[in-house]
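These are the residues of each chain, in order.
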Amino acid sequence: MMHQFSAVVKVTIFVFVLFLIFPLSTWSKEALPVAEDPEVEKRMLALTVDLRCLVCQNESIADSRAEFSNDIRREIREQIKADKTDKEIVQFLVDRYGDFVLYNPPMKPTTILLWFGPVILFVIGVSSLIVFLRRRRLQIEDVTLSQEQLKEAEALLNENKKGKNV
Amino acid sequence: MTRYLMPLAFFIILAVFLLIGLTLNPRQVPSPLIDKPAPKFQLNQLHVPEEIMSSDDNLGKVWMLNVWASWCVACRDEHPLLVQLANSGIVPIYGLNYKDDRNTALQWLKRYGDPYAISIVDTDGKVGIDYGVYGVPETYVIDKKGIIRHKQIGPVTVDSLEKKILPLIKELQSQA
């Protein structure tokens with residue numbers, strides 16, 4: 001036990017010393033300069049959270065570090081400084097990259113299936129479930145048992161009870 | 001019987017949809033710029049930095065705009081094809097040197113050949129944004145009236161040239 005403990009301590013000290021010799025910070029790049037104006041930065045961020053990075057499609061432009069997203073962020077900062085409204089900026093990007101840049105797709109003829117598809121599937125599912133259950137209920141018939149059959153059933157049940165006791 | 005056929009039919013429909021999904025490329029985002037006027041630009045030329053080329057200079061002819069960069073690996077794949085196309089004289093190709101270093105770009109052209117009638121320089125990628133560029137190489141076919149007719153995302157291939165680009169260019173050239 002004692003031996004094990006000292007080994008752990010040794011490794012810990014070794015790793016610690018390693019970090020002292022090679023601090024991680026020397027490897028990481030310097031942080032990119034944030035725009036001078038925090039207000040601009042805030043608006044830019046709010047806008048880019050809902051925009052898709054076309055290079056790394058599952059990331060938003062706010063999250064992505066791709067060159068493409070850097071450029072778009074810079075473009076948006078410039079447009080904010082030029083007093084463009086959020087709507088104008090988003091329209092600017094949609095004009096160039098299409099609706100695909102929007103994580104929240106607009107409702108129009110081509111996206112109707114996208115918007116209502118899940119509801120349609122849900123309705124189909126629920127209605128077929130109801131039909132199925134109704135049909136099954138109709139199939140169940142009440143059967144009246146004769147005296148003999150009742151006795152037989154009772155005998156079987158009793159047998160079962162006895163069997164359990166043994 | 002229908003009890004067993006229904007799930008089978010459902011499965012087949014689902015499988016067909018999934019199969020179609022497999023053949024689609026999510027990286028190919030249809031450009032909203034097709035059949036719209038090509039964004040205007042005025043950019044310095046790569047070989048003669050003092051000279052400016054304007055997009056209006058090409059009005060009246062069918063031309064191709066190829067977005068390229070020396071750092072772009074896929075550009076090397078399509079490059080021999082572009083050189084061949086330029087030599088054939090069918091259509092002039094203009095190069096948009098996208099976010100590149102001038103000297104490296106010039107060296108790159110020296111090494112791999114220069115298919116471009118003129119190369120123009122888009123250092124900060126501003127014109128790239130106007131054209132909706134997100135993955136170099138990209139190639140646009142622009143008609144005599146300055147309208148974008150086709151956008152090829154990714155490298156030009158023999159297949160895309162023969163099936164789509166060349167027939168389109170021929171058709172556009174025959175238009176007034």
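Please refer to the structure higher up on the page.
Residues numbered from 1 in each chain as written. Chains lettered and ligands numbered in written order. Predicted model: local features only at pLDDT ≥ 70, side-chain atom pairs only at ≥ 80, totals over all residues.

A. How the structure looks around the sheet that holds strand β6 (residues 138–142) of chain B. Residues and elements named next belong to chain B. One open sheet holds the five strands; their spatial order is β5-β4-β3-β6-β7, and the pairing between them is mixed. Edge positions in the open sheet fall to β5 (118–122) and β7 (148–153), since each of these has one partner strand only. Sheet twist, expressed as the mean angle between neighbouring strand axes with direction ignored, is 20°. As judged from the five bridges shared by β6 and β7, these two strands associate in the antiparallel manner. By the bridge assignment, T139 is partnered in β7 with Q152. Its contacts with the sheet place helix α5 (residues 158–174) against β6 and β7, and it is angled at close to 165° to β7. (Pairing = 2+ DSSP bridges. Helix = DSSP H or I, 4+ residues; strand = E, 2+ residues; numbered from the N terminus. Axes fitted to C-alpha atoms, helices over the stretch in contact; angles between N-to-C directions. Contact = placed C-beta atoms within 7 Å.)

B. Highlighting helix α3 (residues 67–81) of chain A. Residues and elements named next belong to chain A. A rise of 1.5 Å per residue sets the reference length of α3, with its 15 residues, at 21 Å; its end C-alpha atoms lie 21 Å apart and thus fit the reference within 8%. Among all positions of α3, only F68, S69, I72, R73, I76 and I80 are buried. Looking down the long axis of α3, one finds its buried residues gathered within 130° of arc, a one-sided arrangement. Seen from the open side of α3, the exposed residues pointing more than 90 degrees away from its buried face are E67 and K81. The secondary structure elements touched by the buried residues of α3 are α2 (38–48) and α4 (86–97). At the C-terminal side of α3, D83 shows a positive phi close to 65°. (Expected span 1.5 Å × (residues − 1). Buried ≥ 20, exposed ≤ 12 C-beta atoms within 10 Å, placed from the backbone. Arc of directions from axis to C-beta.)

C. Highlighting the interface of chain B and chain A. Between chain B and chain A, the contact holds eleven residues from the first and eleven residues from the second. Across the side of chain B that touches chain A, the residue classes break down as six nonpolar, four polar and one charged. (Nonpolar A, V, L, I, M, F, W, Y, C, P; charged D, E, K, R; others polar.)

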